[in-house]
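An overview of the molecular structure
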Amino acid sequence: MSATIAPVVPEVASVPQQRDEQYVGHQHRGYAFGVRHLQVVGLTSLTREILHVELADPAGSPLAPYEPGSHLVVRAGEGRRNAYSLTGDGFNPRRYEISVLRLDSGQGGSAWLHDNLAVGDLLEVEGPRSMFPAAHEQRHALLVAGGIGVTPVLSHVRALARAGAGATVLYSYRPGHEAHLQDLRELAGDRIRLVEATTVEETGAALHALLAEQPFGTHAYACGPVAMLDAYEEAALAAGWPAGRVHLERFVAPELDPGSPFTATVASTGREIEVPSGVSLLDALVGAGVPVSYLCRQGVCGECRIPVRSAEALEHRDFVLTAEEREAASHVMACVSRGRDIHLDL
Amino acid sequence: MSAVAASVTREVVPPQVPSLPRWPEAPEPVDSDGTSFLVVAVGGGPAAGDVARAWTDQAEGVGPTTLVVLETIDDKADRASFETVLARTCTGVRVMVVGGQYDVLQVLSLLRRAGALENEVRSFVTDRTEIPVFCAHCQTTFRASTGPGGLTPCPSCRRTLEVHEHLAALRGSFLASDAEATSL
Ligand code: FES
């Protein structure tokens with residue numbers, strides 16, 4: 001015998017209305033990622049130019065957890081928003097902690113934070129956001145930090161230590177500028193091995209040696225200055241690592257050439273915007289009053305992604321889009337990338 | 001009408017997309033981007049031996065190469081020796097597996113569980129008569145001379161199973177369920 005099972009369609013009246021609650025499930029009051037204010041509860045100078053900032057919910061609530069390697073967007077003075085890596089493990093945090101390197105060559109955000117923050121102040125933040133997560137299938141991690149690039153690495157090491165997982169950590173620093181070195185030394189032990197390097201040569205040699213001896217299934221992560229990241233990518237390639245295992249986070253993007261002028265069309269209005277050589281698509285759009293959000297202006301953070309309807313040619317110069325996304329030509333990072341005759345889906 | 005009711009009444013069952021292994025017609029060449037190589041021959045008759053030898057010769061010209069020859073991955077000692085060799089390999093290695101379909105799928109599953117990426121592994125099957133079958137009811141994985149769409153008895157719970165067009169890559173087996181479950 002066989003039976004047919006008729007689909008049961010619930011009557012409209014019997015379906016409970018979705019409740020419009022502010023806090024769903026077990027999420028607490030502090031479970032927020034949008035723009036909000038946190039209170040500065042601690043300020044420590046780690047080195048002469050690195051300030052460690054601790055932030056907490058003004059009402060004392062716990063904060064939203066985050067994936068290791070996440071960053072927090074911080075308002076650093078008038079009209080300036082900078083992204084800083086969180087240094088904790090991300091597990092049920094009561095505080096968000098960032099370490100800010102004073103960059104006098106930068107556009108002033110880090111100097112503003114150094115000069116103006118005081119304990120008790122409210123600071124506008126957004127996030128955390130995860131742009132540098134751990135690969136879920138990793139069996140071991142090789143973490144490489146150069147200078148202030150230690151901040152996301154520390155976050156990963158702390159999360160791995162909490163999970164009881166193994167990691168090999170290379171920290172390259174200039175003596176006298178070694179932020180968080182003590183934290184890493186304290187985390188080192190049976191499962192976490194710390195290798196220190198204090199010169200370019202030592203760092204290069206350690207990269208080659210470590211990349212050659214990681215167990216099968218390792219994923220590598222690096223954050224640091226451009227020269228170190230280049231050396232890291234080269235050494236990984238030489239050691240036979242497929243690109244899918246080699247992850248990195250840039251905090252300073254390489255210099256870009258000014259590029260040729262082109263026209264961008266806003267699909268919804270048909271408006272054509274000229275983008276001269278030396279001016280980014282982002283600046284041209286913002287200058288023309290088209291609202292586009294952005295953060296890093298260096299093709300690193302992913303904030304300025306714009307959908308593309310069609311384009312004659314796209315020259316992707318960002319570090320955000322994957323190879324498949326580039327091939328599909330469906331998005332462009334307006335702050336760095338260029339092209340010809342781009343129709344933007346705006 | 002509430003959003004919930006709307007989504008219930010409009011639900012559509014998506015078309016069922018089969019997931020089946022796609023074996024290359026001929027063994028692929030060794031990936032010379034690797035810095036060391038592991039060649040695994042497991043069952044599959046003399047043809048598997050030939051492929052393994054050709055791969056080993058090629059790989060030795062590029063970097064240090066280990067050849068492991070196993071009768072079947074179901075054998076405890078064979079499996080242990082494979083796992084010992086795998087545990088000694090370093091990232092940068094490329095793994096090539098050749099043999100009968102059952103054993104190759106099971107070895108690929110062990111590699112995936114060890115964190116292997118798609119482009120670190122190459123495989124070739126010299127004999128397709130057997131597949132690994134996963135019984136959805138008693139969760140046993142066993143060797144069966146059948147294929148997707150075929151019927152086979154489960155050696156553990158004795159149900160008659162229908163093998164579905166669904167290979168679970170991580171398990172290295174085909175999903176099968178009670179062929180008689182739809183009739184009451
Ligand atoms: S603003 Fe950061 S990627 Fe464009």
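All figures in this text were calculated on a predicted structure; none of them were measured in a lab.

A closer look at the overall build of chain B
- Each helix and strand in chain B was counted, giving 4 helices and 9 strands.
- Starting at the N terminus and ending at the C terminus, chain B contains elements arranged as α-β-α-β-α-β-α-β-β-β-β-β-β.
- In terms of principal-axis extent, the alpha carbons of chain B reach across some 65 × 40 × 30 Å.
- Burial analysis of chain B (184 residues in total) assigns 42% to the buried set.
- Put simply, of all contacts in chain B between residues at least 6 apart along the chain, 64% involve residues at least 24 apart.

Some details on the nonpolar core
Residue and element names in this part refer to chain B.
- Of all hydrophobic cores here, the largest spans 35 residues; its most connected members are Leu38, Phe82, Val97 and Leu111.
- Looking at this core, the element that brings in the most residues is helix α4 (residues 101-113), giving 6 residues.
- Domain assignment of the residues forming this core places at least three in each of domain 1 (36-127) and domain 2 (131-183).
- Every residue in contact with Leu38, bar those within four places of it in the chain, is listed here: Thr66, Val68, Val85, Leu86, Thr89, Val93, Arg94, Val95 and Met96.

Points about the packing of helix α3 (residues 76-88) of chain B against α4 of chain B
All names here are of chain B.
- Direction vectors running N to C along α3 and α4 enclose 35 degrees, while the axes themselves pass 12 Å from each other. Of the two elements, α3 crosses α4, and the hand of that crossing is right-handed. Across the interface between the two elements, Arg79, Phe82, Glu83 and Leu86 from α3 touch Val107, Leu110 and Leu111 from α4.
- Broken down by class, the residue content of the contact of α3 with α4 amounts to 5 nonpolar, no polar and 2 charged.

A look at the sheet that holds strand β7 (residues 140-146) of chain A
All names here are of chain A.
- Overall, parallel pairing links the 5 strands, which are arranged β9-β8-β7-β10-β11 in an open sheet. Both outer strands of the open sheet, β9 (192-197) and β11 (246-250), are each paired with one neighbouring strand and no more. For this sheet, the mean inter-axis angle between neighbouring strands, taken without regard to orientation, is 15 degrees.
- In the sheet, strand β8 (residues 167-172) pairs with β9 via 6 bridges, with the strands oriented parallel. Counted as the bridge partner of Ala167 is Ile192 from β9.
- Of the strands in this sheet, β7, β8, β9, β10 (218-224) and β11 touch helix α2 (residues 150-163), which is tilted by about 155 degrees from β7.
- The strands that helix α5 (residues 226-238) touches are β7, β8, β10 and β11; relative to β10, the one it contacts most, it runs at about 160 degrees.

Notes on the pattern of salt bridges
Residue and element names in this part refer to chain A.
- All chains considered together, the criterion is met by 27 salt bridges over all chains.
- Notably, a salt bridge pairs Glu233 with Arg250, separated by 3.7 Å at the nearest N-O pair. Taken together, the residues span a long stretch of sequence, with Glu233 in helix α5 and Arg250 in strand β11 at a distance of 17 residues.
- For Glu233, a relative accessible area of 36% gives the class partly exposed.
- With a closest N to O distance of 3.3 Å, Arg326 and Asp318 form a salt bridge.

Side note on helix α4 (residues 200-212) of chain A
Residues and elements named next belong to chain A.
- Over its 13 residues, α4 runs 19 Å from end to end, which matches the ideal 18 Å to within 8%, given 1.5 Å per residue.
- Where α4 is concerned, the buried positions are Thr203, Ala206, Leu207, Leu210 and Leu211. All buried residues of α4 fall inside an arc of 115 degrees around its axis, so they share one side.
- Looking at the packing, one finds that the buried side of α4 touches β7, β8, β9 and α5.

About the criteria used
- Residues numbered from 1 in each chain as written.
- Chains lettered and ligands numbered in written order.
- Predicted model: local features only at pLDDT ≥ 70, side-chain atom pairs only at ≥ 80, totals over all residues.
- Heavy atoms only, no water.
- Helix = DSSP H or I, 4+ residues; strand = E, 2+ residues; numbered from the N terminus.
- Buried < 20%, exposed > 50% of the residue type's maximum accessible area, 1.4 Å probe, protein only.
- Contact = heavy atoms within 4.5 Å.
- Core = buried A, V, L, I, M, F, W, Y, C linked by side-chain atoms within 4.5 Å.
- Domains from an automatic or database assignment.
- Axes fitted to C-alpha atoms, helices over the stretch in contact; angles between N-to-C directions.
- Left-handed = near helix turned anticlockwise from the far one by under 90°.
- Nonpolar A, V, L, I, M, F, W, Y, C, P; charged D, E, K, R; others polar.
- Pairing = 2+ DSSP bridges.
- Salt bridge = Lys/Arg side-chain N within 4 Å of Asp/Glu carboxyl O.
- Expected span 1.5 Å × (residues − 1).
- Arc of directions from axis to C-beta.

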